[in-house]
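Chain by chain, the residues:
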Amino acid sequence: MLLSANLLIPGSALTYLEAAQKRGPMARAPKPQTPPAPRAWQRMLSGRRLDLLDPSALDIEIEDIAHGLARVARWNGQTIGAHAFSVAQHSLVVEEICRKLAPEWDKKKRLMALLHDAPEYVIGDMISPFKAALGLDYKAFEAKLEAAIHLRFGLPAHPTLAVKGVIKRADLVCAYFEAVQLAGFADAEAKRFFGAPPRGLALKLTPAPTAQVQEAFLKRFRSLLDPA
């Protein structure tokens, strides 16, 4: 049975229809506002604003890279010494090892070795287990930033597999010496994770002050960028 709109409201002299007319049009709920997109860029000390999701080579400066890498600690800072062993110092050592493993390399390949961890000036030095947990999305982001950095300095977007292989070998050699000399690893444990270094290749690592490493990184970069 249909209900009449003229039924009285209990305790009132008004009918439902009259009450509705008195109230006027029903108020609409306000539309929810779209929250602003989260900030996806970082301001650098050079004044550049680097878009982390879509990095542009135009927003990359070597001074920002050197400044950042000299302040990013390897091994999450769990190393001995008065100073952290920075990514900048690690990069210098890796490039030095590459010179021994591949003495025929030109300056561009050596520059790629020096810059092999350059994306970490933005994203920090994540330890390998954490990188593995993050999966391919992290690697894709890192590769995009690497390509922008290489483009900025006139390098191929990514090293060839052959060049990448030498850099990776040098990286592991450096990691071995860091592990046993600075990070508290036993020799057998370090060899299990990083492999044994080549015979005849010995390094003595001493973490250096931030400003000293930053200047050394810039100096080496400029010498490799010079075509002469």
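Just so we're clear, the structure is a prediction, and the values are computed from it rather than from any experiment. (Residues numbered from 1 in each chain as written. Predicted model: local features only at pLDDT ≥ 70, side-chain atom pairs only at ≥ 80, totals over all residues. Heavy atoms only, no water.)

### Here we look at the packing of helix H3 (residues 87–101) against helix H8 (residues 161–181)
Then comes step 1: Remark: H3 packs on H8, axes separated minimally by 8 Å, with the N-to-C direction vectors making an angle of 120°. On the basis of their axis angle, the class for H3 and H8 is oblique. Handedness of the crossing formed by H3 with H8: right-handed. Here His90, Val93, Val94, Ile97, Cys98 and Leu101 of H3 come into contact with H8, specifically with Val166, Ile167, Arg169, Ala170, Asp171, Val173, Cys174 and Glu178. (Axes fitted to C-alpha atoms, helices over the stretch in contact; angles between N-to-C directions. Helix = DSSP H or I, 4+ residues; strand = E, 2+ residues; numbered from the N terminus. Parallel < 35°, antiparallel > 145°, perpendicular 65-115°, else oblique. Left-handed = near helix turned anticlockwise from the far one by under 90°. Contact = heavy atoms within 4.5 Å.)

### Focus on the packing of aromatic side chains
Then comes step 1: Per the stated rule, a full pass over the model turns up seven aromatic pairs.
Then comes step 2: Between phenylalanine 153 and phenylalanine 221 the ring centres are 4.9 Å apart and the planes differ by 70°, which places this aromatic pair in the edge-to-face class. Of this pair, phenylalanine 153 sits in the loop between helix H7 (136–152) and H8 while phenylalanine 221 sits in helix H10 (residues 210–225), and the two are 68 residues apart along the sequence.
Then comes step 3: Summarising the aromatic geometry, the rings of tyrosine 176 and phenylalanine 177 are spaced 5.1 Å apart at their centres and angled 80° between planes, so their arrangement reads as edge-to-face.
Then comes step 4: An aromatic cluster of at least three residues, connected via ring pairs, comprises Trp75, Phe185, Phe193 and Phe194.
Then comes step 5: Over the face of the ring belonging to tryptophan 41 we find arginine 49, whose NZ or CZ atom lies 4.1 Å from the ring centre.
Then comes step 6: Between arginine 192 and the ring centre of phenylalanine 193, over which it is positioned, the NZ or CZ distance is 5.3 Å. (Phe/Tyr/Trp six-rings, centres within 6.5 Å; stacked < 30°, edge-to-face > 60°. Lys NZ or Arg CZ within 6 Å of the ring centre and 35° of its normal.)

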